Amino acid sequence: MDDFGFSGLYLEKIHVLLASVTLFTTISILSHTILDKIFPVLKTWEVHKKVQLEERLSSMIHAVVILPYVYKIMIFDEVLLEDPVYGVSDDAMWVLSFSAGYFLWDSVICFMHLKHVGPAFLVHGLLCLICYAGALVCSLN
């Protein structure tokens, strides 16, 4: 343990982070193509409305995947029940990795479409990425 209380790097779940980025990139690409075919009216929408729709679809998928898993962890994860502040479990690291991947993807998309989404969404994505990635990289013990 160093002077700051960090016991080491916890990068076992980096594959989950990378899979999450890949998943949300794929969802974004497919949603653009599929939604245009299902709802032809979307072809007439302005770019900023399409970007917002794709962002909302991805954020909803993130929430639907994460929330049931988080509830399971909050109720049944023995490690976190014993030590909710400093406890480190594989399930919690999976959630952190998946969410860090989502917010990495989100930050890139917000940066690419900054004029359509505004700086507040970019700042939100970056701050969430820093929080999740920071918790993931340094397991406090």
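Small disclaimer: the values here were computed from a predicted structure and weren't measured.

## A look at the overall build of the protein
Here's step 1: A count of helices and strands for the protein gives 6 helices and 2 strands.
Here's step 2: For the protein, the sequential pattern of α-helices and β-strands runs β-α-α-α-α-α-α-β.
Here's step 3: Across the 141 residues that make up the protein, the buried fraction comes to 35%.
Here's step 4: A separation threshold of at least 6 residues defines the contact pool for the protein, and within that pool the share at least 24 residues apart is 68%.

## Observations concerning the pattern of salt bridges
A pair can form between side chains of opposite charge whenever their charged atoms are brought close.
Here's step 1: Using the criterion set out here, one finds 2 salt bridges in the structure.
Here's step 2: Its salt-bridge partner being Asp-36, residue Lys-50 comes within 3.9 Å of it at the nearest N-O pair. In this pair, Lys-50 sits in helix H2 (residues 47-76) while Asp-36 sits in helix H1 (residues 14-38), placing the two residues 14 residues apart along the sequence.
Here's step 3: Residue Asp-36 is classed as buried on the basis of its relative accessible area of 13%.

## A short note on the confidence of the model for the protein
Here's step 1: For the protein, mean pLDDT is 86; residues scoring 70 or higher make up 89% of the total.
Here's step 2: Confidence scores differ between elements of the protein, with strand E1 (residues 6-9) showing the lowest mean pLDDT of 46 and helix H4 (residues 90-112) the highest of 93.
Here's step 3: Taken as a whole, residues 5-9 scores under 50 in pLDDT and shows 13 contacts with residues more than four places along the chain or in a different chain.

## Overview of the packing of aromatic side chains
Here's step 1: Applying the stated criterion across every chain, the model contains 8 aromatic pairs.
Here's step 2: Aromatic pair Tyr-102 and Trp-105: ring centres 5.8 Å apart, planes at 35°, arrangement tilted. Separated by 3 residues within a single helix, Tyr-102 and Trp-105 lie in helix H4, roughly one turn from each other. The pair Tyr-102 / Trp-105 is uniform in exposure class, with both members buried.
Here's step 3: Put simply, the rings of Phe-24, Tyr-69, Trp-94, Phe-98, Tyr-102, Phe-103, Trp-105 and Tyr-132 touch in pairs and so form one group of aromatic residues.

## Re H1
Think of an α-helix as 3.6 residues a turn; residues three or four steps apart then line up on the same face.
Here's step 1: Given a rise of 1.5 Å per residue, 25 residues ought to cover 36 Å, and the 35 Å separating the end C-alpha atoms of H1 matches this to within 8%.
Here's step 2: Along H1, the residues that are buried comprise Val-16, Leu-17, Ser-20, Phe-24, Ile-27, Ser-28, Ser-31, Leu-35 and Asp-36.
Here's step 3: On the buried face of H1, the contacting elements are H2, H4 and helix H6 (119-137).

## Concerning the nonpolar core
Nonpolar side chains tend to gather and get buried jointly when the protein is soluble and globular.
Here's step 1: Judged by nonpolar contacts, the single largest core of 20 residues is most densely connected at Phe-24, Phe-98, Tyr-102, Phe-103, Trp-105 and Leu-136.
Here's step 2: Broken down by secondary-structure element, the contributors of at least two residues to this core are H1, H2, H4 and H6.
Here's step 3: A total of 10 residues in this core trace back to one element, the largest contributor, which is H4.
Here's step 4: For Phe-24, the contacting residues outside a window of four places in its chain are Ser-58, Ile-61, His-62, Phe-98, Tyr-102 and Trp-105.

## Things to note about the state of the cysteines
Here's step 1: Counting across every chain of the model gives 0 disulfides.
Here's step 2: With no disulfide of its own, Cys-128 has Cys-131 as its nearest cysteine by sulfur position, at a separation of 6.4 Å.
Here's step 3: Taking the relative accessible area as the measure of exposure, Cys-128 reaches 17% and is therefore buried.

## Things to note about the environment of Ala-100
Here's step 1: Along the chain, Ala-100 falls in helix H4.
Here's step 2: In this structure Ala-100 comes out as buried when scored by relative accessible area, which is 0%.
Here's step 3: Each C-alpha atom, one on Ala-100 and one on Ser-20, is 8.2 Å from the other, the two residues being 80 residues apart in sequence.
Here's step 4: Excluding its chain neighbours within four sequence positions, the residues that come into contact with Ala-100 are Leu-17, Leu-129, Tyr-132 and Ala-133.

Calculation notes
- Residues numbered from 1 in each chain as written.
- Predicted model: local features only at pLDDT ≥ 70, side-chain atom pairs only at ≥ 80, totals over all residues.
- Heavy atoms only, no water.
- Helix = DSSP H or I, 4+ residues; strand = E, 2+ residues; numbered from the N terminus.
- Buried < 20%, exposed > 50% of the residue type's maximum accessible area, 1.4 Å probe, protein only.
- Contact = heavy atoms within 4.5 Å.
- Salt bridge = Lys/Arg side-chain N within 4 Å of Asp/Glu carboxyl O.
- pLDDT = per-residue confidence, 0-100.
- Phe/Tyr/Trp six-rings, centres within 6.5 Å; stacked < 30°, edge-to-face > 60°.
- Expected span 1.5 Å × (residues − 1).
- Core = buried A, V, L, I, M, F, W, Y, C linked by side-chain atoms within 4.5 Å.
- Disulfide = S-S within 2.5 Å.

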